Amino acid sequence: MDLDVLKKKISTFRGDGGRVRISDGRLLMEILLAWEEWKGPSQKFYHAIGVSAKGMASIIGKAKKLRREGHFPAEEFKEIKVTEESGLKGCDVIELNWEKGRLIRFGQVDQLVDFLKKVA
């Protein structure tokens, strides 16, 4: 997302004293995603969106808490291709019969557990 647009969205939640109090969950998620994708120094990110480091700590903390509690949709599902090089051919795999007759195979228990957590 363009940081100028994000800055304008954040400015709508700025009070008279200049303090930012964001109550919109979608905006919190947008800020968190932009912050996670940011490659440069964090101070430059804060400056680009017009929020102090202290204010951003509060905003990021709220957004992470909401994500942990499941208020934001899960990330896009990433398909894992099983090839002969992965060492699964001829080995035991975990098969899950999913809805509409779909069969999903997992090579490791951790992959199955991660999948079940995301779809729950």
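Structure's up top.
Predicted model, so just to flag it, every value in this text is computed and none were measured.

**Q** Would you explain the pairing of strand β1 (residues 94-97) in this entry?
**A** The side chains of a regular strand alternate, first on one face of the sheet and then on the other. Sheet topology note: the β1/strand β2 (residues 103-106) ladder contains four bridges and is antiparallel. The residue bridging Leu96 from the neighbouring strand is Ile104, located in β2. If you look at the hairpin formed by β1 and β2, you'll find five residues sitting between the two strands, and Lys100 has a positive phi there, around 60 degrees.

**Q** What is the right way to look at helix α4 (residues 53-68) in this model?
**A** Because an α-helix completes one turn every 3.6 residues, residues spaced three or four positions apart along the sequence face the same direction. Here α4 spans 22 Å end to end across 16 residues, near enough to the 22 Å set by a 1.5 Å rise per residue. Taken residue by residue, α4 has Met56, Ile59, Ile60 and Ala63 as its buried positions. Viewed end-on, α4 has its buried residues packed into an arc of 95 degrees, placing them on one side of the element. The outward face of α4, more than 90 degrees from its buried face, is lined by the exposed residues Lys54, Ala57 and Arg68. Of the surrounding elements, those touching the buried residues of α4 are α2 (25-37) and α3 (42-49). At the C-terminal side of α4, Gly70 shows a positive phi close to 85 degrees.

**Q** Whenever I open this one, α2 confuses me. Can you help?
**A** Under the 1.5 Å per step criterion, the end-to-end length of α2 is 18 Å for 13 residues, consistent within 8% with the ideal 18 Å. Those residues of α2 not exposed but buried are Leu27, Leu28, Met29, Ile31, Leu32 and Ala34. Looking at the buried residues of α2, the elements they touch are α1 (3-11), α3 and α4.

Thresholds applied
Residues numbered from 1 in each chain as written. Predicted model: local features only at pLDDT ≥ 70, side-chain atom pairs only at ≥ 80, totals over all residues. Heavy atoms only, no water. Pairing = 2+ DSSP bridges. Helix = DSSP H or I, 4+ residues; strand = E, 2+ residues; numbered from the N terminus. Expected span 1.5 Å × (residues − 1). Buried < 20%, exposed > 50% of the residue type's maximum accessible area, 1.4 Å probe, protein only. Arc of directions from axis to C-beta. Contact = heavy atoms within 4.5 Å.

These figures capture arrangement, not role.
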